[in-house]
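# Observations on the three-dimensional arrangement
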Amino acid sequence: MMLSLDEVESGYGSSLVLKGVTLNVAAGQVTALLGRNGMGKSTLMKTIMGLLPVKRGVIGFDGAPINGLRPDQISNRGIAFVPQGREIFMEFTVEENLLLGTLGKPNAGWIPDLVFAHFPILHERRKQIAGTMSGGQQQQLAIGRALAGQPKMLLLDEPSEGIQPSIVEQIAQTLRAIAEKEKLTILLVEQNVEMVLDMASTCAFIENGRIVATHGSEALRADERLIHRYLGL
Amino acid sequence: MDLILTLGLDALNFALAIVLVAMGLVIIFGLMNVINMAHGELFLLGAYTLVVVQQAGGGFWLGLILAPIVVGLVGLVLEELIIRHVYRRFLDTILATWGISIAIKQAVILGFGPASYTVDAPLQFGVDFLGTTYPAYRLFIMGVAVLVILLTLFVFFRTRFGLAARGVIANRSMAACLGINTRRLDRATFAFGAALAGLAGAVMAPQMSVDPQMGLGFLIPAFLAILTGGGGLTGTLLGASLVGGIDSTFAKLWSPVLAQVVVFAMAIVVIRLFPNGLLGGRGRR
Amino acid sequence: MKRNALVLAAIVWIGFALLPLVVDDWQLLQLAQFMTYGVFAMSLALIWGQAGLLCFGQAIFFGGGAYAMSLVTMGLIPGLPASSWLGLIAAMVLPALFANLLGRFLFYGRGLRGAHFGIVTLAIAVIAERLAINWEFIGGFNGLMGVPPLNLGIGGDLIDGLPVYYAILAVAVIVFALLAAMLSTPFGLALNALRNHEDRAAFLGYDNARLKLAIFTIAAAVAGLSGALFVAQFAFASPTLLGFGLSTEVLIWTALGGKSLLIAAFLGAVVVRVAENFLSEILGPLWLLGLGALFVLCVIFFPRGLIAELLLRLERLLPGGRR
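Residues numbered from 1 in each chain as written. Chains lettered and ligands numbered in written order. Predicted model: local features only at pLDDT ≥ 70, side-chain atom pairs only at ≥ 80, totals over all residues. Heavy atoms only, no water.

Once that is clear, we can look at the overall build of chain C. Counting its regular elements, chain C contains 13 helices and two strands. Its C-alpha atoms give chain C a radius of gyration of 19 Å, near enough to 20 Å, the size a compact globule of 323 residues would have. Projected onto its principal axes, the C-alpha positions of chain C cover 50 × 50 × 40 Å. Restricting to contacts in chain C with at least 6 residues of sequence separation, those with at least 24 account for 79%. Per element, the accessible surface of chain C, about 13700 Å² overall, is 69% carbon and sulfur. A gap of 19 Å separates the mean positions of the 17 positive and 14 negative side-chain charges of chain C. (Helix = DSSP H or I, 4+ residues; strand = E, 2+ residues; numbered from the N terminus. Rg over C-alpha atoms; globule rule 2.2 N^0.38 Å. Contact = heavy atoms within 4.5 Å. Areas by Shrake-Rupley, 256 points an atom, 1.4 Å probe, with all protein chains shown as cover. Lys, Arg positive; Asp, Glu negative; His and termini not counted. Charge placed at Lys NZ, Arg CZ, Asp CG, Glu CD.)

As structure tokens, this is what we get:
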């Protein structure tokens, strides 16, 4: 297992959002996390990144526990985060955004070739101010910035949000290619069921702060009622 | 004509001196959201470092080099012992740094007494400048200020440290998620800001009487410059020019006290009309 | 105000009322002076603790009150009879007017929050002191000497320890009671909302700027009153009463005592001054160094204030206290 959560509890202030999440993410695979709004998907991502404190339980990554570490330490262990809303640095150039992704890493100050190989547009526009790009391009930048640190694992939170469908398709393809070529482990939170079934090999469903079921994508594709049951579509 | 030229040089001199003091404040505030009320006392420590070095037989130039180093180290210790405990409690950072300023001032009184010292300045000659003679040391101060501005620009826009710092200013938690050690950056920034204050203190020391109260006198114009300008580097330059210009002009033509009142009234009116400073949010880069 | 808090406050005031049984006349005079500082500290606690406005120049109002009182009671204002009552009124009205005018610049227009306010008030304190030094009408650097003692029309001039002590204590109790009553009205509740969530308070329909202006004005009047009482005892108004140094001290007293409880702020001032009496002779300049360090520690570890912590703990021990 690349990432494993064991009975993890976490939340904001004194209120618990995650009430004992147990989840395993296999190395080199795309695992999707599905659930309705407010079930704790983003909270889970932030907890893994160390942005929210783990109140109970253990998070293990690549053979060592990471709970209690600071976000920068977790990032430098090899987990890259593409947050909801992208959070790129709007007033910085594309190149500066990508460089920021490298600063804590062994390749500090040097953007690895794979970033531009997968997202040629970022090379084309490297001197452009990031805030002036379209939503889809900004999303590519956010993913590229995550890749710039040469991570072992990628956390993607709603990468299709606010992006037009044709671009979503393109981003999904690129992500799939990256996962295969770079042997990246990906944990994906996504509302877009098409995209999820397209990319993920395993889907975990979260409800009220707990993982309630895990299925292979094959099974989900074969029986659509499963998805409807958990997502209430 | 002579009067106008001298006045202009005086104003520029004061404005640049304010920038020199304000720079460290702005950097610390921008990055850490800490208003460092002890900045004036760090300035003070810079001046006293020079005093000590000269008393020990070292020259002015040695003192000038040692002052930012010593005060930078003091900043490092203060950050570790005190400041880091009150991050994210905004008003408490003001209070804590203010308490530090009281303690430092008292420690200086304890060590050096309340009386004032004078510092021997180099460059004691006049320079002919467009028909008037202007003290060389004042030109030197202006040169140092310009150098500090350029150095800061270079550090922030041309180095990895600067990129990381700007990233943290723009979005602290995202910068941390990208692997930037914000803790170390905070410490380095506070030390850097303190070192700038120390440098400013040493540079300004020959121009004023070095006594335990000297920090406050410079802190207030610096604060007012930041408030009117709206912070950031450009905002500070603008605010410092306004404050320095008005203060020098009124001080020369009427009296220093009146000049302070006018500067203050100007600042209040600007704050009322432009609550985010003259440059609004745009100065914050 | 909660019942137990009231009971505690009553105990404190009764304690002060009984003090003349155990201390001598000279000490009473000293304590009376410290109690005027206590009233001063309450004025700061009012805006800082109740409205979240951190004022670094509260002494401008204290000093303003002191000068107003001096000028009136010394008969230096043409057309005004030299009267303690008139002096006290002037000492409250003038600082209140100044605060109100200043507040109109600071609070209206989109928010001037914590830091700005602190810096602006700090600047005013420094400038006010320099202005006073340079203004001959109010005595310049030397200040005004020979300010007459309080004369409220009963008992003649208040000079001896006992009458002065009780007069000041009475004022302190009245100020405390009025402020405490004010804070339990809807106005006080609105202030509370303002302190905790400025944005939410605005959303709920409170006019934040007006609230701040009102409390700032009231606090200035209280500070002015304390300054007037001080100068009537001290007989000497000097520029230092306006300035940065005293503003610093009152902030320390209030922080150490407790900014969110008026009674704790009052006690903070009295206790620190009593301690200073004993310790500053022994410690010399070390005293202020230690006080500064204590202040920093208190900010970090006991942001509610040392005396307030103690009082809140006592409060819970009283019958019916929440645990």
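This is not the end of the story, as more comes after the structure.
The helix and strand inventory of chain B stands at 11 helices and two strands. If you list the helices and strands of chain B from N to C, you get α-α-α-α-β-β-α-α-α-α-α-α-α. Here the C-alpha radius of gyration of chain B, 19 Å, is about what a compact globule of 285 residues would show, namely 19 Å. Reported as C-alpha extents along the three principal axes, the dimensions of chain B are approximately 60 × 50 × 35 Å.

Turning our eyes to something else, we now look at the interface of chain C and chain B. The interface of chain C with chain B comprises 41 residues on the first partner and 37 residues on the second. Here chain C is connected to chain B by zero salt bridges. In this structure, the connection of chain C to chain B is made through three residue pairs in polar contact (both at pLDDT 80 or more). Looking at which element gives the most residues to the side of chain C that touches chain B, the answer is helix 5 (residues 114-134) of chain C, with 13 residues. Taken together, the residues of the side of chain C that touches chain B sort by class into 29 nonpolar, nine polar and three charged. (Salt bridge = Lys/Arg side-chain N within 4 Å of Asp/Glu carboxyl O. Polar contact = N/O pair within 3.5 Å; in protein donor to acceptor, adjacent residues only side chain to side chain. Nonpolar A, V, L, I, M, F, W, Y, C, P; charged D, E, K, R; others polar.)

This part is about the confidence of the model for chain C. Across chain C, the average pLDDT comes to 85, with 93% of residues at 70 or higher. The complex prediction reports pTM at 0.85, with the ipTM value standing at 0.93. (pLDDT = per-residue confidence, 0-100.)

All names here are of chain B. As for its position among the elements, Arg-158 is in helix 5 (residues 136-158). Note on Arg-158: relative accessible area 64%, which makes it exposed. Between the C-alpha atoms of Arg-158 and Phe-250, which are 92 residues apart in sequence, the distance is 39 Å. (Buried < 20%, exposed > 50% of the residue type's maximum accessible area, 1.4 Å probe, protein only.)

As a further point, take the interface of chain A and chain B. Chain A puts 23 residues into the contact, and the matching count from chain B is 17 residues. In this assembly, chain A packs against chain B so that about 1800 Å² is buried in total across both faces, 65% of it on carbon and sulfur atoms. At the boundary of chain A with chain B, the tally comes to one salt bridge. Measuring nitrogen to oxygen at the nearest pair gives 2.8 Å for the salt bridge that ties A:Glu96 to B:Arg166. Between the two partners, chain A and chain B, sit 10 residue pairs in polar contact (both at pLDDT 80 or more). Listed by contribution, the elements that provide at least two residues to the side of chain A that touches chain B are helix 2 (71-77) and helix 3 (94-100) of chain A. Element by element, the count of residues in the side of chain A that touches chain B is highest for helix 2 of chain A, at four residues. Residues that form the side of chain A that touches chain B fall into these classes: 11 nonpolar, five polar and seven charged. (Buried area = accessible area lost by both parts, 1.4 Å probe.)

Right, let's get into the sheet that holds strand 4 (residues 54-61) of chain A. All names here are of chain A. The strand order across the open sheet built from four strands is 2-1-4-5, with neighbouring strands paired in antiparallel fashion. Here the strands that pair on one side only, and so sit at the sheet edges, are strand 2 (15-25) and strand 5 (64-65). Relative to strand 4, strand 1 (residues 3-12) runs antiparallel, the two being bridged by six bridges. Considered in strand 4, the bridge of Ser-10 is made with Val-54. (Pairing = 2+ DSSP bridges.)

So, about the sheet that holds strand 8 (residues 185-189) of chain A. All names here are of chain A. If you trace the six strands from one edge of the open sheet to the other, you get 6-7-8-3-9-10, paired in mixed fashion. What marks the edges here is a single partner per strand, and that holds for strand 6 (79-82) and strand 10 (210-216). For this sheet, the mean inter-axis angle between neighbouring strands, taken without regard to orientation, is 20 degrees. Sheet strands touched by helix 1 (residues 41-49): strand 3 (30-34), strand 6, strand 7 (153-157), strand 8 and strand 9 (202-207). Its angle to strand 7, the strand with the most contacts, is close to 145 degrees. (Axes fitted to C-alpha atoms, helices over the stretch in contact; angles between N-to-C directions.)

So, about the pairing of strand 2 (residues 132-135) of chain B. Side-chain positions along a regular strand alternate between the two faces of the sheet. Where burial is concerned, the two faces of strand 2 of chain B differ: the one with B:Thr132 and B:Tyr134 is buried and the one with B:Thr133 and B:Pro135 is not. Between strand 1 (residues 126-129) of chain B and strand 2 of chain B, which pair antiparallel in sequence order, lie two residues; one of them, B:Leu130, sits at a positive phi of approximately 50 degrees.

The subject of this paragraph is the confidence of the model for chain B. In this model, chain B carries a mean pLDDT of 87, and residues with pLDDT of at least 70 account for 96%. Here strand 1 of chain B stands out as the least confident element of chain B, with mean pLDDT 80; helix 3 (residues 60-81) of chain B is the most confident, with 95.

Let us now look at the pattern of salt bridges. Residue and element names in this part refer to chain B. A full pass over the atoms with the stated rule returns 20 salt bridges over all chains. A salt bridge links Arg-183 to Glu-80; the nearest nitrogen and oxygen atoms lie 3.5 Å apart. With Arg-183 in helix 8 (residues 182-204) and Glu-80 in helix 3, the pair connects residues that are 103 residues apart, well separated along the chain. Since its relative accessible area comes to 31%, Glu-80 is described here as partly exposed. Overlapping salt bridges bring together Glu-79, Glu-80, Arg-84, Arg-183 and Arg-187 as one network.

Residues and elements named next belong to chain A. Mapped onto the elements, Phe-205 comes out in strand 9. Overall, Phe-205 belongs to the buried group, its relative accessible area being 1%. Residues Phe-205 and Met-39, spaced 166 residues apart in sequence, show a C-alpha to C-alpha distance of 9.6 Å.

With that out of the way, let us pick up the packing of helix 2 (residues 39-55) of chain B against helix 3 of chain B. All names here are of chain B. Look at helix 2 against helix 3: their axes get within 8 Å of each other, and the N-to-C directions meet at 135 degrees. Comparing their axes, helix 3 and helix 2 come out oblique. Every pair of crossing elements has a handedness; the one defined by helix 2 and helix 3 is right-handed. Along the contact surface, helix 2 presents Leu-42, Leu-45, Gly-46, Thr-49, Leu-50, Val-53 and Gln-54, while helix 3 presents Phe-60, Leu-62, Gly-63, Leu-64, Leu-66, Ala-67, Val-70, Val-71, Val-74 and Leu-78. (Parallel < 35°, antiparallel > 145°, perpendicular 65-115°, else oblique. Left-handed = near helix turned anticlockwise from the far one by under 90°.)

What follows deals with the state of the cysteines. Scanning the model with the defined rule gives zero disulfides over all chains in all. The structure places no disulfide on C:Cys55, whose sulfur is separated from the nearest cysteine sulfur, that of C:Cys298, by 19 Å. (Disulfide = S-S within 2.5 Å.)

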